[in-house]
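One letter stands for each residue in the lines below.
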Protein chains: 2
Amino acid sequence: KWLEKKYFNTVDSLESLYVERLKEAVAIPSVSGDVAYRENVFQMGQWLIGLFQKLGISYEAIDLGTQVLENKTLKLPPVLLGTYGNDPKKKTILVYGHYDVQPALIEDGWNSPPFELVETDKHQLIGRGSSDDKGPIIGWLNAIEAHQKAGIEFPVNLKICFEESGSEGLDELVFKEANRYFKGVDAVCISDNYWLGVKKPCLTYGLRGITYYKVVVSGPGRDLHSGVFGGTVHEPMTDLISLLSKLVTPSGKILIPGINDDDENKTYESIEFDLNEYHEAIGSKTTIHDDKINTLQHRWRYPSCSIHGIEGAFSASGAKTVLPAKVQGKFSIRLVPNMDPERVNTLVEKYLNEEFSKLKTRNSLKIESLHGAKAWVASPDHWNYVAAAKAVEMVFNVKPDYTREGGSIPVTLTFQDALDKNVLLLPMGRGDDGAHSTNEKLDRSNYISGIKLFGAYLHEIAATKI
Amino acid sequence: KWLEKKYFNTVDSLESLYVERLKEAVAIPSVSGDVAYRENVFQMGQWLIGLFQKLGISYEAIDLGTQVLENKTLKLPPVLLGTYGNDPKKKTILVYGHYDVQPALIEDGWNSPPFELVETDKHQLIGRGSSDDKGPIIGWLNAIEAHQKAGIEFPVNLKICFEESGSEGLDELVFKEANRYFKGVDAVCISDNYWLGVKKPCLTYGLRGITYYKVVVSGPGRDLHSGVFGGTVHEPMTDLISLLSKLVTPSGKILIPGINDDDENKTYESIEFDLNEYHEAIGSKTTIHDDKINTLQHRWRYPSCSIHGIEGAFSASGAKTVLPAKVQGKFSIRLVPNMDPERVNTLVEKYLNEEFSKLKTRNSLKIESLHGAKAWVASPDHWNYVAAAKAVEMVFNVKPDYTREGGSIPVTLTFQDALDKNVLLLPMGRGDDGAHSTNEKLDRSNYISGIKLFGAYLHEIAATKI
Ligand SMILES: [Zn+2]
Ligand SMILES: [Zn+2]
Ligand SMILES: [Zn+2]
Ligand SMILES: [Zn+2]
């Protein structure tokens, strides 16, 4: 095929440049969740703008105002809207990605400094953001550059939306710009997820939603000494632990009445999924189920409830005999289609208030819903998916699996709702990349094949009659 | 009385000097539990040595070697052994105190910088260590100085032991030095606790012990993302919360079989104890009981169990969707007389292992006992207590209450066991001083009266025929 020859060969010839570029991006610690790194998030935006300019992508950097983080008012990083091509005869595809990353400290258990991209002898490129989501966003730009260097006409008009993942104000912006900047978009492609396993590519057509809660139990006016007061006061920590223990069983069954009502049904037999790979991704064999179908169903079609931690309790090493005065438990529920976050909030609040009153404590309880997002499912028969499937076959010589994901990418729903266009999730990395975890990596082969895939997908889109 | 006139008047005339001296000591942030302040702990020892030299106290600074803290090997602060007087016709009293302090950050909720002694309009001297334990240790030295300035002969030989609270190696040292440095000690006085309330002085003849545990639940090889893995893996956090919820009810009942067996009995009616003051000390009305006797019994004669926090879980502000791979719950049990820490350890381990196996999780459990100390009771009829009671009457015009404490001061037991002498706890501060908490304070009047009390106590000792 003409494309394989010219575009793929050009991508291969630029491989070192692409890895260098990813290395540069990883070196910018654009951690959005930590006040101390805010400047670096802006720096990362600036770095992308430099690449936009170099590639002739026209752009706007949209200021979303400020946010409050750790009691500080901070400028929100800009949303970068880019436009590459404006030919009315071509289709217009919107691609989305985020340029911020999760926190990472070498003490968390990284084998190398998290903000230095290093390559292992298995050709894994290790570094924070390598797979989530710097590899993919740079992938789109690399694809443009490869077209330029190969002298191939770019097959579609590309609209680009790169931002800080789930910025406050992004939803508003997308709805506001639906009839201006986003006007004319025919379909959306988001590369911010992963293959199901480590071998077979997939297209992703569904995501779980989420509701996230903060449960605050407080009583004493200040932290107390357990020797002096232990046994005589209602300890907020005891109450909170007691309450959190009533959310979910060790086998994952959610105990909140009304939460397990969903009865969506589906066959999962044909999907390639290796439980051994999954165990490798987890780093242990501590899965709840021993079979593929139950594991996938509990990942995609059933809600789950996780307890993340406690703010305000003693969390350092060593032995401190404090009775914390105010403790804030954090947990979240992953939602599946048909679960309305508002209704889930109501059920959670009712249940926790009832259980708290059973504790007969004099402490007080406050429940806050920190964020929520509905689940999402798209139609995998849409031409957007058909084009992507053809591109996968061209690059990998295999038909993709059609998967869903356990995680939520709220912007997916926003684009679908605001633009009323089909949204495709087209992952670049593998299921064991460890996004949000230590030693996050992107395989060199996934990175390079991903750039080919992105280009091939856009050419298949262009070839589609609609 | 001769003493009142001369010694008390001298103490009064030195009041500003004494407050200045406490201010100097509080300004040295001798936090022993934090690697970053280790130098300051040494600096505080040096500051005390300066005062020893000025007052003509001969001393040895004993090097205890090193300890490991936060994975760093650190030099242990020296134990300061001082000797003031060596007259075979006088009794020899050993006084103990510690010169390190608890951690304190202004962000924890201090109204003023914790290492600056400031005085409120209620004449409270606020600052970390003011009451625990810098006020008392400087109190002993001030008493010596007042005798010198007043030209009064010091009534006893004083042996001084000032150290980092519960240093590794102190027990060994005390046993080793029992027949050398501590030889000839007739009785021991420790000022490292508080009045029961805010009005009436007390002598303390009992302490609860403690066992402190770390419960480690681990499974996944690394932290995981709840969206990707939630619902399919056994989450260590769920298991740990479930386990911790089985330790103690919100009303303080310990659920570990065998722990509530103790049946010591005692009347508490005559003790002055104001539940309103207690509520003020707690900063809320969240006590479990509404009456004096139950509250005191649960503080002194019953064991209690407190959950302090979790290491390894998400503990910052905000909303992170992590599934922590390894979480370490910290809890402790306060012991009463007749409870053997070793036996308690056995009961705790058996119970937790049984409950863990009921969880049917694939994660693994490890239980560590971090430290332990027996409870302690002394005889309040001993001449050491009788002398202290007379001194209280002289300074405060009231008979002291005889109290016990909920907390543990392991060195109390060490001195009693190693020297086989009566140990008295003679508090300087009030029940609401907030040691180990934010805005720790020592009332100016308690500080000055305490210096008088220490001197009067030593004179009463000298006047006792034994
Ligand atoms: Zn992402
Ligand atoms: Zn992510
Ligand atoms: Zn102390
Ligand atoms: Zn203390």
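Residues numbered from 1 in each chain as written. Chains lettered and ligands numbered in written order. Predicted model: local features only at pLDDT ≥ 70, side-chain atom pairs only at ≥ 80, totals over all residues. Heavy atoms only, no water.

Thoughts on the overall build of chain A
Logical step 1: Looking only at helices and strands, chain A has 13 helices and 20 strands in total.
Logical step 2: Taking 2.2 N^0.38 as the reference for a compact globule, 466 residues should give roughly 23 Å; the C-alpha atoms of chain A span a radius of gyration of 23 Å, in line with that estimate.
Logical step 3: Among the 466 residues that make up chain A, the fraction classed as buried is 64%.
Logical step 4: The contacts of chain A with a sequence gap of at least 6 include a subset with a gap of at least 24, amounting to 79%. (Helix = DSSP H or I, 4+ residues; strand = E, 2+ residues; numbered from the N terminus. Rg over C-alpha atoms; globule rule 2.2 N^0.38 Å. Buried < 20%, exposed > 50% of the residue type's maximum accessible area, 1.4 Å probe, protein only. Contact = heavy atoms within 4.5 Å.)

Considerations on the relation of the copies chain A and chain B
Logical step 1: The two copies are related by a screw motion: chain A maps onto chain B through a turn of 180 degrees and a shift of 0.1 Å along the axis, at an RMSD of 0.1 Å. Expressed as an axis order, the relation between the two copies is that of a two-fold axis.
Logical step 2: A shared interface surface links the copies, since 99% of the contact residues of chain A are contact residues in chain B too. (Least-squares fit on C-alpha atoms with pLDDT ≥ 70 in both.)

Thoughts on the coordination of the zinc ion (ligand 3)
Residues and elements named next belong to chain B.
Logical step 1: Donor atoms from the polypeptide that bind the zinc ion (ligand 3) are His98 (NE2), Asp132 (OD) and Asp192 (OD), placed at 1.9 to 2.1 Å.
Logical step 2: Separating the zinc ion (ligand 3) and the zinc ion (ligand 4) is a distance of 2.9 Å, and aspartate 132 donates to both of them. Of this pair, aspartate 132 sits in helix 4 (residues 130–150) while aspartate 192 sits in the loop between strand 9 (187–190) and strand 10 (202–207), and the two are 60 residues apart along the sequence. (Donors = N, O, S within 2.8 Å, 3.2 Å for Na, K, Ca; no water.)

Here's the deal with the environment of Ser369(B)
Logical step 1: The topology assignment puts Ser369(B) in strand 16 (residues 364–373).
Logical step 2: Sequence-wise, Ser369(B) and Lys330(B) are 39 residues apart; in three dimensions their C-alpha atoms are separated by 9.9 Å.

Brief notes about the sheet that holds strand 6 (residues 118–119) of chain A
All names here are of chain A.
Logical step 1: If you trace the three strands from one edge of the open sheet to the other, you get 6-7-20, paired in antiparallel fashion. Edge strands, defined here as strands with exactly one partner in the open sheet, are strand 6 and strand 20 (441–443).
Logical step 2: Taken together, the three bridges between strand 7 (residues 124–126) and strand 20 define a ladder with antiparallel strand orientation. In the strand pairing of strand 20, leucine 125 is matched with leucine 442.
Logical step 3: In this fold helix 13 (residues 444–463) packs onto strand 6, strand 7 and strand 20, with an angle of close to 65 degrees to the strand it touches most, strand 20. (Pairing = 2+ DSSP bridges. Axes fitted to C-alpha atoms, helices over the stretch in contact; angles between N-to-C directions.)

Notes on the domain arrangement of chain A
Residue and element names in this part refer to chain A.
Logical step 1: Once the domains are mapped, chain A shows domain 1 (2–207 + 375–463) and domain 2 (209–265 + 301–373).
Logical step 2: Its C-alpha centre places domain 1 at a distance of 35 Å from the equivalent point of domain 2.
Logical step 3: The interface is formed by eight residues belonging to domain 1 together with nine residues belonging to domain 2.
Logical step 4: Interface area for domain 1 against domain 2, summed over the two sides, is near 610 Å², with a carbon-plus-sulfur share of 55%.
Logical step 5: Inspection of the domain 1/domain 2 interface yields zero salt bridges.
Logical step 6: Our enumeration of links across domain 1 and domain 2 arrives at zero residue pairs in polar contact (both at pLDDT 80 or more).
Logical step 7: Here the side of domain 1 that touches domain 2 is composed, by residue class, of four nonpolar, three polar and one charged. (Domains from an automatic or database assignment. Buried area = accessible area lost by both parts, 1.4 Å probe. Salt bridge = Lys/Arg side-chain N within 4 Å of Asp/Glu carboxyl O. Polar contact = N/O pair within 3.5 Å; in protein donor to acceptor, adjacent residues only side chain to side chain. Nonpolar A, V, L, I, M, F, W, Y, C, P; charged D, E, K, R; others polar.)

Regarding the pattern of salt bridges
Residue and element names in this part refer to chain B.
Logical step 1: Summed over all chains, the structure comprises 48 salt bridges over all chains.
Logical step 2: The salt bridge involving glutamate 354 is made with lysine 350; its shortest N-O contact spans 3.0 Å. Placement of both glutamate 354 and lysine 350 in helix 10 (residues 341–358) is noted, with a separation of four residues, approximately one turn of the helix.
Logical step 3: One salt bridge connects aspartate 433 with lysine 441, and the closest N-O pair in it is separated by 2.7 Å.

A short note on the coordination of the zinc ion (ligand 1)
Four donors placed tetrahedrally around a metal ideally meet at 109.5 degrees, and six donors placed octahedrally ideally meet at 90 or 180 degrees.
All names here are of chain A.
Logical step 1: The zinc ion (ligand 1) binds to the protein through His98 (NE2), Asp132 (OD) and Asp192 (OD), with metal-donor distances spanning 1.9 to 2.1 Å.
Logical step 2: Donor residues for the zinc ion (ligand 1), ordered by position in the chain, follow H-x33-D-x59-D.
Logical step 3: Between the zinc ion (ligand 1) and the zinc ion (ligand 2), both coordinated by aspartate 132, there is a metal-metal distance of 2.9 Å.

Describing the packing of aromatic side chains
Residue and element names in this part refer to chain B.
Logical step 1: For the coordinates displayed, the defined rule picks out 28 aromatic pairs over all chains.
Logical step 2: Arranged with centres 6.1 Å apart and planes meeting at 55 degrees, the rings of phenylalanine 52 and tyrosine 59 form a pair that is tilted.
Logical step 3: Classification of phenylalanine 52 by relative accessible area gives buried; the value is 0%.
Logical step 4: Owing to a relative accessible area of 31%, tyrosine 59 belongs among the partly exposed residues under this scheme. (Phe/Tyr/Trp six-rings, centres within 6.5 Å; stacked < 30°, edge-to-face > 60°.)

What to know about the environment of Gln148(A)
Residue and element names in this part refer to chain A.
Logical step 1: On the secondary structure map, glutamine 148 appears in helix 4 (residues 130–150).
Logical step 2: Leaving out residues up to four positions away in the same chain, glutamine 148 has contacts with Leu55 and Tyr84.
Logical step 3: Engagement of the side chain of glutamine 148 in a polar contact is seen with the side chain of tyrosine 84, the distance being 2.9 Å.

Quick notes on unusual backbone geometry
Logical step 1: Asp132(A) connects to Asp133(A) through a cis peptide bond whose omega is 15 degrees.
Logical step 2: With respect to the helices, strands and loops of the structure, Asp133(A) is situated in helix 4.
Logical step 3: Positive phi is not limited to glycine here, since Glu70(B) has a value of about 50 degrees.
Logical step 4: Take Glu70(B): it is sitting in the loop between strand 2 (66–69) and strand 3 (72–75).

Let's talk about the sheet that holds strand 15 (residues 326–335) of chain B
Residues and elements named next belong to chain B.
Logical step 1: Taken in spatial order, the four strands make up an open sheet running 13-15-11-16, and their pairing is antiparallel. For this open sheet the edge positions go to strand 13 (304–311) and strand 16, each flanked by a neighbour on one side alone. Neighbouring strand axes in the sheet, compared pairwise and without regard to direction, differ in orientation by 20 degrees on average.
Logical step 2: In the sheet, strand 13 pairs with strand 15 via seven bridges, with the strands oriented antiparallel. The residue bridging isoleucine 307 from the neighbouring strand is phenylalanine 331, located in strand 15.
Logical step 3: Relative to strand 16, helix 10 is tilted by about 160 degrees, and along the sheet it contacts strand 11 (209–218), strand 15 and strand 16.

Quick look at the packing of helix 11 (residues 383–396) of chain A against helix 13 of chain A
Residues and elements named next belong to chain A.
Logical step 1: At a closest axis distance of 8 Å, the pairing of helix 11 and helix 13 adopts a crossing angle of 135 degrees. For the element pair helix 11 / helix 13, the angle class is oblique. Here helix 11 and helix 13 pass one another in a crossing that is right-handed. Within the contact between the two elements, helix 11 uses Trp383, Asn384, Ala387, Ala388, Lys390, Ala391, Val392, Met394, Val395 and Phe396 and helix 13 uses Ser449, Lys452, Leu453, Ala456, Tyr457, Glu460 and Ile461.
Logical step 2: Considered class by class, the residues forming the contact of helix 11 with helix 13 number twelve nonpolar, two polar and three charged. (Parallel < 35°, antiparallel > 145°, perpendicular 65-115°, else oblique. Left-handed = near helix turned anticlockwise from the far one by under 90°.)

Section: the interface of chain A and chain B
Logical step 1: Each partner contributes residues to the interface: chain A has 83 residues there, and chain B has 82 residues.
Logical step 2: Among the residues of chain A in contact with chain B, Thr232(A), Pro250(A) and Arg362(A) are the three that bury the most area, contributing 10% of the side total.
Logical step 3: Across the chain A-chain B interface, the total number found is two salt bridges.
Logical step 4: Residues Asp290(B) and Arg362(A) are paired through a salt bridge, measuring 2.9 Å at the closest nitrogen-oxygen approach.

Focus on the packing of helix 2 (residues 15–26) of chain B against helix 13 (residues 444–463) of chain B
The relative placement of two packed helices comes down to the angle between their axes together with the axis-to-axis distance.
All names here are of chain B.
Logical step 1: It is the contact of helix 2 with helix 13, at a shortest axis distance of 11 Å, that shows an interaxial angle of 110 degrees. For the element pair helix 2 / helix 13, the angle class is roughly perpendicular. For the pair helix 2 and helix 13, contact is made by Glu15, Tyr18, Val19 and Leu22 and by Arg444, Tyr447, Ile448 and Ile451, respectively.
Logical step 2: Its residues assigned to classes, the contact of helix 2 with helix 13 comprises six nonpolar, no polar and two charged.

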